[in-house]
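If you want the building blocks of each chain, they are given just below.
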Amino acid sequence: MAANMSQVKNPMPTQAPEVRAHNFDEVATGYDEATAIDEALRCLNCKNMPCVSGCPVNIHIPQFISKVKEGDFEEAYRIISESSSLPAVCGRVCPQEKQCESKCVRGIKGDPVGIGRLERFVADWHNAHSNEAPITEASNGHKVAVVGSGPSGLTCAGDLAKKGYKVTVFEALHAAGGVLVYGIPEFRLPKAIVQKEVDNLIAMGVDMETNMVIGKTLTIDELFDMGYEAVFVGSGAGLPSFMGIPGESLKGVYSANEFLTRSNLMKAYRGVATTPIMKGGRVAVVGGGNVAMDAARTALRLGAEKVYIVYRRSMEELPARREEVEHAMEEGIEFMLLNNPVEILGYENSEDKRDPKNGFVTGMRCVRMELGDPDERGRRRPVEIKGSEFVLDVDTVIISIGTTPNPLIKMTTDGLEVNQRGGIIVEESTGATTKEGVYAGGDAVTGAATVISAMGAGKVAATAIDNYLKKK
Amino acid sequence: MYKIVKKEFLNPTVTLMEIEAPFIAAKAEPGQFIILRVDNEGERIPLTVAGYDRKKGTVTIIFQIVGATTALLNQKAEGEFISDFVGPLGKKTETDGLKKVCIVGGGVGCAIALPVARKLHELGCHVTSIIGFRSKDLLILEKEFTDVSDKLYIMTDDGSYGRQGNVCVPLNEMFAEGESFDEVITIGPLIMMKFVVAAVRPTGIPCTVSMNPIMIDGTGMCGGCRLTLNRDGKKVTEFACVDGPDFNGYEVDFDEAMSRGVMYRDFERHAYEETCNLFSKEVK
């Protein structure tokens, strides 16, 4: 088959912006078979495979794309599965433009190959067409505990189960999936896809224990006493950071974690749920990451009349995945770049202390910024423009400026060292912590990062745990 | 699923339940809390542990029917199940080294104050308890408090039982007589705790309060339960789920906590009415 030399990627079919802004259905609807093959034909099958080096889990990208060209989608899936345990998830949420696709030779002149879109297509095709039960390995009799059922935990559990370990995953919340369930909204990653991955692991013999807060219900040391020979900690992001400006405790100020948890995990977006959330009105989301985009677009779908993204740097530094930014803009979210909040304002009726409106947000005072000299990481530092303050008229503020690693495990585990930001200290090549038999990865180590890097860490740790237990 | 092994109505608005949860029962300490969901569509609510039986593997909760979730929970019968029950969360109440303590409980808060009083009593500490209620009908746990207290004051707002007045009345009288304690521990409505702190402040006696803000995950993830503390002249944000629920009462910004506590009042009232309507339809 001749290569497709078109300089543009096959566009991703999506729901129209004006329709999707009012529903929680998935925004991108995915390639069909013909489009997938056409896009696969854009791949030149480079000998040195630069794309693979851009993938945190080194998926054999040209090989799987070759199988898509041939229409052998199941074989393409098998190739991806050798390296990734959550392809349907990663095809949707990876920042491909910074990873595999950034290295693609086709990207030098024109668009890179739509690797992420092809990965998603292959995973969805498999999920729709294959009902083969996952292969279960004969048990090797060794027990491993995995703390947290987010991307790093699910990956680590899957890899260890494939090697014959008896794995138990302990999840603190009532549903498995971690950030894939409480954080990333339905319109970007349908819950059914996550559930399918979880069900797969259970079919492979992994035990999924919800409502178990490791560090509280059981400690790491107690897990060893119970016969687990190694523990992987993927407890994820913890407490949200706030800006430390006046007014952050007013009613109507949320952390993105809280806002998204109410909507996603507690299903506040559906009429039947009993968990409340502030809907409608005018909303400002502070921050520029993927979580900020998710919060802004969730607010819009909950009925907000106006949603702003307030970010203190420029579009160039804005860290969110490009596609999400484009989708957000199409949906009508307004980006207020180079603006920094200095105070959140609240209603106060000084005559009537019992006025029920007291304490609710009425606006946010911001100051305009300009970019100064680069900081130690090379990003240009935003500097306030004196006298440029103004008030943005909003009634909900969602703070999305990052999180610190969850504190519960370090509080109750002797010998587990953390760095000054609270991240668990690990040896990068193995995920080994300072405590014997305990490994860690994902946001619990790095602070807020991506799904795929957490998966990569889960994989590395699974290999290291296997080596450790074989030697023991 | 978690089984309700015992259910008892303590008064028309307050119910006790013992829930089978052996992992939590093995570890729970006074001052800690659990989070529960009644069913799959339910919200997560925090309730402070009112007791535990390590041998039976049960945890006792005592709750007031104030909203949709507690109304729904109250409909569950002995032998039935609730979908989620997780804990023990938060830090335990510090009891080390205490020799003489005053416990001040208000309303259903007395249910949480009791295990603290009981533990202190068992440790040989001299316990003075002041428990307050709106009226005699709402009185709970009188016998239990009698058993664990060296001195017990029962107060009612309307004077229908014990003495008339609020919990600060005997507290102020004791202070006026020169009485002192190693610590005052108070658990109850925010407004009551605010006044107890104000009464204790002039004496300089350490005063611990148990905070119960709106929570979702309860594990240090969402930040919804944040409180502002005034510490050494600076405003500090802490989280009730992992840093509390006990806090130094002198530091807590009660006005802010009260304001945040009613953030969803309209929604909650509506949800409660809907739930009640649903029940009355079922009865018909």
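Residues numbered from 1 in each chain as written. Chains lettered and ligands numbered in written order. Predicted model: local features only at pLDDT ≥ 70, side-chain atom pairs only at ≥ 80, totals over all residues. Heavy atoms only, no water.

Residue-level account of the overall build of chain B, with values.
The secondary structure content of chain B amounts to 9 helices and 17 strands. Here chain B has a C-alpha radius of gyration of 18 Å; the compact-globule value for 284 residues is 19 Å, and the two agree. The principal-axis extent of the C-alpha atoms belonging to chain B is close to 60 × 40 × 40 Å. Sorting the 284 residues of chain B into buried and exposed places 57% on the buried side. Restricting to contacts in chain B with at least 6 residues of sequence separation, those with at least 24 account for 64%. Total accessible area on chain B stands at roughly 12,100 Å², and carbon and sulfur atoms take up 51% of it. Distance from the positive charge centre (32 side chains) to the negative charge centre (40 side chains) of chain B: 1 Å. (Helix = DSSP H or I, 4+ residues; strand = E, 2+ residues; numbered from the N terminus. Rg over C-alpha atoms; globule rule 2.2 N^0.38 Å. Buried < 20%, exposed > 50% of the residue type's maximum accessible area, 1.4 Å probe, protein only. Contact = heavy atoms within 4.5 Å. Areas by Shrake-Rupley, 256 points an atom, 1.4 Å probe, with all protein chains shown as cover. Lys, Arg positive; Asp, Glu negative; His and termini not counted. Charge placed at Lys NZ, Arg CZ, Asp CG, Glu CD.)

Mind laying out the pairing of strand β14 (residues 396-399) of chain A, listing which residues take part and the relevant values?
Within a regular strand, the side chains alternate between the two sheet faces. Residues and elements named next belong to chain A. Residues of β14 alternate between two faces, with Thr 396 and Ile 398 on one and Val 397 and Ile 399 on the opposite face, all of them buried. Across 3 bridges, strand β6 (residues 253-255) lies against β14 in parallel orientation. From the neighbouring strand, Tyr 254 faces β14, where its bridge partner is Ile 398. Here strand β7 (residues 282-286) pairs with β14 via 4 bridges, running parallel. Within the sheet, the bridge partner assigned to Val 285 lies in β14 and is Ile 398. (Pairing = 2+ DSSP bridges.)

How would you explain the interface of chain B and chain A if you had to name every residue and give the values?
Residue-level contacts link 40 residues of chain B with 47 residues of chain A. In total, chain B and chain A occlude about 3,600 Å² of area from one another, counting both sides; carbon and sulfur atoms represent 58% of this. Counting across the chain B and chain A interface gives 1 salt bridge. At the junction of chain B with chain A, the criterion picks out 19 residue pairs in polar contact (both at pLDDT 80 or more). (Buried area = accessible area lost by both parts, 1.4 Å probe. Salt bridge = Lys/Arg side-chain N within 4 Å of Asp/Glu carboxyl O. Polar contact = N/O pair within 3.5 Å; in protein donor to acceptor, adjacent residues only side chain to side chain.)

Can you break down the sheet that holds strand β4 (residues 230-233) of chain A residue by residue, with the values?
Residue and element names in this part refer to chain A. Pairing in this open sheet of 5 strands is parallel, and the strands run β3-β2-β1-β4-β16 from one edge to the other. The open sheet is flanked by β3 (207-209) and β16 (438-440), the only strands paired with a single partner. Within the sheet, the average angular offset between the axes of one strand and its neighbour, ignoring direction, is 20 degrees. In the sheet, strand β2 (residues 166-170) pairs with β3 via 3 bridges, with the strands oriented parallel. Paired with Phe 170 across the strands is Glu 209, a residue of β3. (Axes fitted to C-alpha atoms, helices over the stretch in contact; angles between N-to-C directions.)

Go over the packing of aromatic side chains, please, and point to the residues and values.
All names here are of chain A. Here the structure, examined in full by the defined rule, presents 8 aromatic pairs over all chains. Seen from their ring centres, Phe 170 and Tyr 228 are 5.9 Å apart, and the 80 degrees between their planes marks the pair as edge-to-face. Within this pair, whereas Phe 170 is found in strand β2, its partner Tyr 228 is found in the loop between α11 (220-225) and β4, the two being separated by 58 residues in sequence. Judged by its relative accessible area of 7%, Tyr 228 is buried. Aromatic rings pair up to connect Phe 73, Phe 121 and Trp 125 into one cluster. The ring of Phe 390 has Arg 368 sitting right over it, with the charged end atom 4.3 Å from the ring centre. (Phe/Tyr/Trp six-rings, centres within 6.5 Å; stacked < 30°, edge-to-face > 60°. Lys NZ or Arg CZ within 6 Å of the ring centre and 35° of its normal.)

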